[in-house]
Amino acid sequence: MVEMTDSAPGGKMAEDDAREEHHHGVSFGEAFRVWLRVAALSFGGPAGQIAVMHRIIVDEKRWIGEHRFLHALNYCMLLPGPEAQQLAIYIGWLMHRTVGGLVAGLLFVLPGFLSILCLSYIYAAYGNVGIVAGLFFGLKAAVLAVVVQAVIRIGGRALKNRVMVGIAAAAFIAIFFLHVPFPLIVLAAGTAGFLGGRFGLAAFRTGGGHKAGSGPTLSDAESALGEGIPAHARPNLAWSLRISAVLLALWLAPLAALYATFGADSVFTEIGLFFSKMAVVTFGGAYAVLAYVAQEAVQHFGWLKPGEMLDGLGMAETTPGPLIMVVQFVGFMGAYRDPGALNPMLAATLAAILTSWVTFVPCFLWIFLGAPFIEKLRGNIALAGAMSAITAAVVGVILNLAIWFALHTLFAEVAIVHLGGLRLDIPELQSAVPAAMALSAAAAIAIFRFKASVIATLLACAAAGMLWTLAVN
């Protein structure tokens, strides 16, 4: 285990360090149980997961104060990858050093990984059986309403002025009509936002992030950790370089081994490289990158059929853990259909593990490398501008995702039409699926009119889908 050893020089600095060091009194065993509980309750996407973490860590256990919680969250929002899991890693590291961050981060994804793996087995083995097909038919229709809700929720937070609306519109046009790769959209938006913030343009001072909660707030001084900085949380370049080297090796060594053993055309090599790239560009949460993943998995690699990405998203929405866990299903199905000399289920299991590995190991790298230097990022106007622009672009990308999902959920056939440099997906109107339209409309009414929870809506639509399938067969 890599740990940072701290030694303060003598004299007044040592005395200051001693006063700043705070013994929070939370045992590692208690922390393990708390993080297991957080993981088991982490439903509802990043907003719901962060709310659960805030309720347990800040309100109930009082480990850290409101200000420190939000400061850590703002840092995680600047990073690629699932911010809720990264926030768990950050707080776990803050409380119990490296091992605390590892345990918090691993526990956060483990329940979801196991749940989606079990559902993937069922899907691969029995996906065409009536009642199972009906379950995923219902989930697929409901997920469409959930994605529309994400567009509205994130858009309401991010599009505070005409410049941000323009960035969102440009991102939508780029990905929907021109099929510009998602990483380039993120890079262009981030660069524009960084420059806008650096030059002090008011349009790029919109901020972002999630609201942690309401009501009385816990001050840092009243929390178990206190308002001082633990010794291990102070910047230490030697420690940062050591642990970064270890995590880079854990991330990239398996990819090098796969490339050397199986070559570039192996499904395992393709999965490892593709999702490693996704781990670097997944700014703005899972919804932002899913359209790109879906299009590449269906149209380029042939890992999935068009409607199957929605089935995987339905799994991720109804199980605990980060929504980006849906990529595990993508890797599973890709290797299941192209297992090489392996048994299809074995190949699929190994691919699911590989996909999760290259998706989440980088999250530990970003936190352990950057968290000790977090104070230097506080109040950085240029970085805030970059984040604002990226979040605005994400709205356009998620709108593309919603339309893409709608086309492949509500219609059985979608034609691809090339018009100059544009490529358009045009639904065949005669292939409309009335049952899917009815379920999607019902899900939208439940979510927007009656404020039903996402989990309850998904489960109700899954049950309705099964009943519908049984009735027509």
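Use the structure listed above.
We now turn to the structure provided with this report. This one's a predicted model, so the numbers in the text were calculated from it and none came from an experiment.

## A short note on the overall build of the chain
In terms of regular secondary structure, the chain is built from 17 helices and two strands. For the chain, with 473 residues in total, the buried portion stands at 53%. Taking as baseline every contact in the chain between residues at least 6 positions apart, the subset at least 24 positions apart corresponds to 77%.

## Some details on the environment of E317
Along the chain, E317 turns up in helix α12 (residues 308-317). Taking the relative accessible area as the measure of exposure, E317 reaches 4% and is therefore buried. For the pair E317 and V146, spaced 171 residues apart in the sequence, the C-alpha separation amounts to 9.1 Å.

## Considerations on the layout of surface pockets
Taken as a whole, the second largest pocket spans an internal volume of roughly 460 Å³. L106, W357, F360, V361 and F364 are, among the 20 residues lining the second largest pocket, the residues nearest its centre. The dominant element in the lining of the second largest pocket, judged by the number of residues it contributes, is helix α14 (residues 344-370), at seven residues. Tallied by class, the residues present in the lining of the second largest pocket amount to 18 nonpolar, two polar and no charged.

## A word on the pairing of strand β1 (residues 414-419)
As defined by bridge partners, β1 adjoins strand β2 (residues 422-427) across six bridges and the pair is classed as antiparallel. Within β2, the position partnered with V417 by the bridge is L424. Linking β1 back to β2 in an antiparallel pair, the connection comprises two residues, with G420 at a positive phi of about 65 degrees.

## Focus: a nonpolar patch on the surface
Nonpolar side chains collect at one region of the surface, where F194, L195, F199 and L201 lie side by side and expose about 400 Å² of accessible area between them. With respect to the element layout, F199 can be found in the loop between α8 (182-198) and α9 (237-262).

## Regarding the state of the cysteines
Within this structure, the stated rule accounts for zero disulfides. Free cysteine: C76, not disulfide-bonded; nearest cysteine sulfur from C363 at 9.5 Å. With a relative accessible area of 1%, C76 lands in the buried category.

## A few points about the nonpolar core
Nonpolar side chains in soluble globular proteins generally cluster together in the buried interior. One finds W35, I64, F275, M309 and F405 to be the most contacted residues of the largest nonpolar core, which totals 147 residues. Counting residues per element, this core draws most heavily on helix α5 (residues 83-126), which supplies 19 residues. Filtering out sequence-adjacent residues up to four positions away, F275 remains in contact with V293, W303, V327, V330, G331, T355, V358 and T359.

## As for the pattern of salt bridges
With the rule as written, the count across this model stands at three salt bridges. Between D311 and K140 there is a salt bridge, and its shortest N-O distance comes to 3.7 Å. Linking D311 in helix α12 with K140 in helix α6 (residues 130-158), this pair joins segments that are 171 residues apart in sequence. On the basis of relative accessibility, which here comes to 4%, the residue D311 falls in the buried class. Across the pair E308 and R337 runs a salt bridge whose closest N-O atoms are separated by 2.6 Å. Here E308 is found in helix α12, whereas its partner R337 is found in helix α13 (residues 326-337), with 29 residues between them in sequence. Judged by its relative accessible area of 7%, E308 falls in the buried class.

Definitions and cut-offs
Residues numbered from 1 in each chain as written. Predicted model: local features only at pLDDT ≥ 70, side-chain atom pairs only at ≥ 80, totals over all residues. Heavy atoms only, no water. Helix = DSSP H or I, 4+ residues; strand = E, 2+ residues; numbered from the N terminus. Buried < 20%, exposed > 50% of the residue type's maximum accessible area, 1.4 Å probe, protein only. Contact = heavy atoms within 4.5 Å. 1 Å grid on protein atoms, 1.4 Å probe; cavity = no way out; pocket = protein on both sides within 12 Å on 5 of 7 lines; lining within 4 Å. Points joined across faces, edges and corners; volume = space filled by probe spheres on them. Nonpolar A, V, L, I, M, F, W, Y, C, P; charged D, E, K, R; others polar. Pairing = 2+ DSSP bridges. Patch = residues over 30% accessible without salt bridge, like charges linked within 9 Å, V, L, I, M, F, W, Y side chains within 5 Å. Areas by Shrake-Rupley, 256 points an atom, 1.4 Å probe, with all protein chains shown as cover. Salt bridge = Lys/Arg side-chain N within 4 Å of Asp/Glu carboxyl O. Disulfide = S-S within 2.5 Å. Core = buried A, V, L, I, M, F, W, Y, C linked by side-chain atoms within 4.5 Å.

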